[in-house]
Number of protein chains: 2
Amino acid sequence: MPGMSLELTTPTAPLAEAAARVARLLPARSLQPGMATVHLRGGAAGLALSATDGETSVRVLVPATVHVDGEAVVSRHGLADTLAGLDAPEARLAVEGSRLAVRTPGARFALPSLAAARPELPEPPPLAGAIPGAALAAAGAVCGAASRDGALPIFTGVRIVSRDGRLTLVATDRYRMAAAAVPWTPEPGGGDVAALVPAASLAEICRQAARAETLLVYAGGDRFGLSWAGCTVVTASLAGPFPDRQLDQLLAVDPQCTVEADADVLTAAVQRASPYAGPHGRVTVRPGDGALQVCGRDPLHGESEEAVKASVRGDHVTAHYQARYLVDALRPFAGETVRMRIQAGMRATAFSAAGGDLTYLVVPMRAEDA
Amino acid sequence: MPGMSLELTTPTAPLAEAAARVARLLPARSLQPGMATVHLRGGAAGLALSATDGETSVRVLVPATVHVDGEAVVSRHGLADTLAGLDAPEARLAVEGSRLAVRTPGARFALPSLAAARPELPEPPPLAGAIPGAALAAAGAVCGAASRDGALPIFTGVRIVSRDGRLTLVATDRYRMAAAAVPWTPEPGGGDVAALVPAASLAEICRQAARAETLLVYAGGDRFGLSWAGCTVVTASLAGPFPDRQLDQLLAVDPQCTVEADADVLTAAVQRASPYAGPHGRVTVRPGDGALQVCGRDPLHGESEEAVKASVRGDHVTAHYQARYLVDALRPFAGETVRMRIQAGMRATAFSAAGGDLTYLVVPMRAEDA
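Residues numbered from 1 in each chain as written. Chains lettered and ligands numbered in written order. Predicted model: local features only at pLDDT ≥ 70, side-chain atom pairs only at ≥ 80, totals over all residues. Heavy atoms only, no water.

So, on to the overall build of chain A. Per the secondary structure count, chain A includes 7 helices and 25 strands. Oriented by its inertia axes, the alpha-carbon framework of chain A measures out at about 75 × 50 × 35 Å. Relative to its 370 residues, chain A shows a buried fraction of 55%. Restricting the contact set of chain A to residue pairs at least 6 apart, pairs at least 24 apart contribute 68%. Charged side chains in chain A number 33 positive and 37 negative. The centres of these two groups are separated by 2 Å. (Helix = DSSP H or I, 4+ residues; strand = E, 2+ residues; numbered from the N terminus. Buried < 20%, exposed > 50% of the residue type's maximum accessible area, 1.4 Å probe, protein only. Contact = heavy atoms within 4.5 Å. Lys, Arg positive; Asp, Glu negative; His and termini not counted. Charge placed at Lys NZ, Arg CZ, Asp CG, Glu CD.)

Listed below in structure tokens is the structure:
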């Protein structure tokens, strides 16, 4: 393995966390040997871990005392699993022959070096602006509305667009849709953002970045990137035209009935109705005077009905929903008063909270399926 | 539904817990309609829930204010799921037409009455003696050594025998075996106990009874029962002769090497070696002077070796084990010093702790599988 060398000492916890972050951001254990690897490079700046699955690439910087500059490539799950189990406060990493050895007092773990498999990591696209971490974490609820079905790839993505001083995030699987906006500080001279980012990657980024004060946003060509706290993630934009205009129109809600209720109380009522939701998983919501009735009906399991205290304005229109979509739509509003705007006919119901930047739409079900 | 009536008020939490206990003790959602039911009977003594899956029967008493004596039969998972979600402190149960209604303020859940399916619950066999709950909970570790493979039914059971003032529990899947004993107070005039109890049922009983001071033991014919805290469980003994004598002989251990180590430290080392355990999941244990080397070797994932502080007596014999069997064998000794007695050749290694009543045997693996 010519040219491979590396020797460094590092606190175990941040290195284990960095390896776990890389593995979680690139979860698929790739079938292509050499793809599910992580590249380590040690130098004056510390240790950089980088990895890619071909679409998404990740780079994390870790503090380390590097004794011998150099690099190594190993299995990223092997490295993450090995480091996750260590309880020694410090670890020493060294290339030893065809192995990257991870040493703690009394223990040595030797990961095969995979020199041939060094991933090509692209540079991030140009810096476009900055967003606050807490706002992105809250907006991450959007990712849950994306499709998990790869047959329609554009619906597995979250559409991210900069406009009017905000960065908007939109996702839909065509039965429900979520839209959020976060404050956007454009980079002077930076370009606009218009990307379609894989929802699974973005969801993991939102989880990891929740405690970051600020994230830098990179965009250009067909790539989108975020960086925070020593970590940079760049993804290829999904191909295909996203129906921006049609989705914008869906957000222009014309409610026939507006209901406000405690989101937690309503969620609990929907969950209690779920065992009675029947073969189609349907619960019925019936606005009344000062209350919302939540009902289930199943030919085998019986019936449920429960009144949830609510403020109701407009017509008392009955609506039916997939119980789990209703629970998903209410979850982002936990601890808040949720506003349900029920539209006429089969038009979607919108869920939002006062002062919030998130709107969740759920398409109702018909009263009886054929 | 002639003859069905029942009306009562009860604190929600103990009723929900009782319904959950019944459902967990009889987990299979039976394919026979009418079997996965629970029978409720309310009277002066409160409310009794009873249920059976044909092999195991359960009866739990719950405090209740019964307004109308009577009974009802409903789906036991329907009842458990409905009660689990309630947050009202009290619930009112009433037979209403063809439904058992569960009412809390503002809510009504109506479970279909299944009158035709009332289970026949056998009376428990005669009282044989008593055992302490904490000791049974500790002995419950034995259940994990039973087979999950129904092809050899006797090895899916735990053998329970009274002798010499103790109740012994033994289980094996032929690759490992565990034996424990709990203090036994025989009932004057009561008979001996010799039963083979389904391990999955006993494991759940041990979990539920952990905080009971005393359990009563019933045995007779081909049935075995336990009762504690208002709950009685009776199981049919599994058929087939259990190899008591052969297993007794296995417990006569003749160690070639005796190792003592901190069980938690050793478990952590085995877990760290597990990613390196190779296609056969094998880790190697190598006693040395004052230490036990724990090693893994995998053609793809690399090698590991770790020294665990240990006191070692006898020959320094190397042994190989299925990593997950080793972790299972060490788990009951968490927080203690575990003693490993390694025998010659392919004879099992015994795990025990000073002053403990549990012995866990693991058959070693060969150095290299063909």
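The next subject is the packing of aromatic side chains. Under the criterion given, the structure shown has 4 aromatic pairs over all chains. Where Phe-109 of chain A meets Tyr-276 of chain B, the ring centres are 5.9 Å apart and the plane angle is 35°; that geometry is what we call tilted. One end of the pair, Phe-109 of chain A, is in strand β8 (residues 107–112); the other, Tyr-276 of chain B, is in the loop between α6 (263–273) and β19 (282–287), on a second chain. As far as the burial class goes, Phe-109 of chain A and Tyr-276 of chain B line up, both buried. One residue, Arg-176 of chain B, lies across the ring of Tyr-325 of chain B, its end atom 4.1 Å from the ring centre. (Phe/Tyr/Trp six-rings, centres within 6.5 Å; stacked < 30°, edge-to-face > 60°. Lys NZ or Arg CZ within 6 Å of the ring centre and 35° of its normal.)

What follows concerns the domain arrangement of chain A. All names here are of chain A. You can read the domains of chain A as domain 1 (5–117), domain 2 (127–242) and domain 3 (257–362). Once you take the C-alpha centre of each, domain 1 and domain 2 turn out to be 28 Å apart. Listed per partner, the contact involves 10 residues of domain 1 and 13 residues of domain 2. At the boundary of domain 1 with domain 2, total buried surface from both sides reaches about 1,000 Å², with 45% on carbon and sulfur atoms. Three residues, Arg-21, Leu-25 and Glu-55, lead the burial of domain 1 against domain 2; their summed loss comes to 49% of the area buried on that side. A salt bridge links Glu-204 to Arg-24; the shortest N-O distance between them is 3.2 Å. Where domain 1 meets domain 2, there are 6 residue pairs in polar contact (both at pLDDT 80 or more). Among the elements of the structure, α1 (12–25) and β4 (56–62) are those that each provide at least two residues to the side of domain 1 that touches domain 2. Considering each element in turn, the side of domain 1 that touches domain 2 owes the most residues, 6 residues, to β4. (Domains from an automatic or database assignment. Buried area = accessible area lost by both parts, 1.4 Å probe. Salt bridge = Lys/Arg side-chain N within 4 Å of Asp/Glu carboxyl O. Polar contact = N/O pair within 3.5 Å; in protein donor to acceptor, adjacent residues only side chain to side chain.)

Turning to empty space enclosed by the protein, a few remarks are in order. Residues and elements named next belong to chain B. For the structure shown, the criterion picks out 1 cavity of 30 Å³ or more. Taken as a whole, the largest cavity holds about 40 Å³ of empty space. What lines the largest cavity is Ile-131, Leu-136, Ile-160, Leu-167, Leu-169, Leu-202, Phe-224 and Leu-226. Going through the elements one at a time, β11 (166–172) and β16 (223–228) are the ones with two or more residues in the lining of the largest cavity. In the lining of the largest cavity, the residues fall into 8 nonpolar, no polar and no charged. (1 Å grid on protein atoms, 1.4 Å probe; cavity = no way out; pocket = protein on both sides within 12 Å on 5 of 7 lines; lining within 4 Å. Points joined across faces, edges and corners; volume = space filled by probe spheres on them. Nonpolar A, V, L, I, M, F, W, Y, C, P; charged D, E, K, R; others polar.)

Here, the residues flagged by UniProt with the feature "domain: DNA polymerase III beta sliding clamp C-terminal" (unreviewed entry) are residues 254–366 of chain A. Taken as a whole, residues 254–366 of chain A contains 17% helix and 47% strand, while its terminal C-alpha atoms sit 19 Å from one another. (UniProt positions renumbered as here; feature names shortened; annotations may be inferred.)

This part is about the interface of chain B and chain A. With 24 residues of chain B at the contact, the number on the chain A side is 24 residues. It is Phe-109, Arg-272 and Glu-303 of chain B that lose the most area in chain B upon contact with chain A, and together they represent 27% of the buried surface on that side. Remark: the boundary between chain B and chain A carries 4 salt bridges. Residues Arg-99 of chain A and Glu-303 of chain B are paired through a salt bridge, measuring 2.7 Å at the closest nitrogen-oxygen approach. Joining chain B to chain A, the criterion identifies 13 residue pairs in polar contact (both at pLDDT 80 or more). When residues of the side of chain B that touches chain A are traced back to their parent elements, those giving at least two are α2 (76–84), β8 (107–112) and β21 (302–314) of chain B. Counted by class, the side of chain B that touches chain A contains 10 nonpolar, 6 polar and 8 charged residues. Strand direction decides the pairing type here: strand β21 (residues 302–314) of chain A and β8 of chain B, joined by 4 bridges, are antiparallel. What sits directly across from Glu-305 of chain A, in β8 of chain B, is Arg-108 of chain B. (Pairing = 2+ DSSP bridges.)

On inspection of all chains with the given rule, the structure shows 32 salt bridges over all chains. Glu-260 of chain A is paired through a salt bridge with Arg-339 of chain A; the nearest N and O atoms lie 2.9 Å apart. In this pair, Glu-260 of chain A sits in strand β18 (residues 257–262) while Arg-339 of chain A sits in strand β23 (residues 337–342), placing the two residues 79 residues apart along the sequence. Across the salt bridge formed by Arg-331 of chain B and Asp-328 of chain B, the nearest N and O atoms sit 3.1 Å from each other. Connected through salt bridges with shared partners, the residues Asp-173, Arg-176, Asp-328 and Arg-331 of chain A form a single ionic network.

Moving on: the nonpolar core. In this structure, Leu-40, Leu-49, Leu-226 and Phe-351 of chain A are the most contacted members of the largest nonpolar core, which totals 105 residues. Per element, the largest residue contribution to this core is 7 residues, and it comes from α1 of chain A. Counting 104 residues, the second-largest nonpolar core is a separate cluster that includes Ala-107, Leu-202, Cys-206 and Val-308 of chain B. (Core = buried A, V, L, I, M, F, W, Y, C linked by side-chain atoms within 4.5 Å.)

All names here are of chain B. Its location among the elements puts Thr-52 in strand β3 (residues 46–52). A polar contact of 3.0 Å, which involves the side chain of Thr-52, links it to the backbone nitrogen of Gly-54. Polar contacts involving the side chain of Thr-52 include one to the main-chain carbonyl oxygen of Thr-56, which spans 3.0 Å.

All names here are of chain B. Across the interface, helix α1 (residues 12–25) lies against helix α4 (residues 199–208) with an axial gap of 9 Å and an inter-helix angle of 155°. By the criterion of interaxial angle, the relationship of α1 to α4 is roughly antiparallel. Note on element contacts: α4 touches α1 through Ser-201, Glu-204, Ile-205 and Gln-208, opposite Arg-21, Arg-24 and Leu-25. Here the residues of the contact of α1 with α4 sort into 2 nonpolar, 2 polar and 3 charged. (Axes fitted to C-alpha atoms, helices over the stretch in contact; angles between N-to-C directions. Parallel < 35°, antiparallel > 145°, perpendicular 65-115°, else oblique.)

Attention now moves to the relation of the copies chain B and chain A. Rotating chain B by 180° and translating it 0.0 Å along the rotation axis places it on chain A, where the RMSD comes to 0.0 Å. When the rotation and shift are considered jointly, the pair of chain copies conforms to a two-fold rotation axis. Comparing interface residues between copies, 100% of those in chain B also lie at the interface in chain A; the contact surface is shared. (Least-squares fit on C-alpha atoms with pLDDT ≥ 70 in both.)

One non-glycine residue, Asp-164 of chain A, lies in the positive phi region at around 55°. Tracing the backbone through its elements, the reader meets Asp-164 of chain A in the loop between β10 (157–163) and β11 (166–172). Phi at Arg-174 of chain B is positive, roughly 85°, even though this residue is not glycine. By the element assignment, Arg-174 of chain B lies in the loop between β11 and β12 (176–183).

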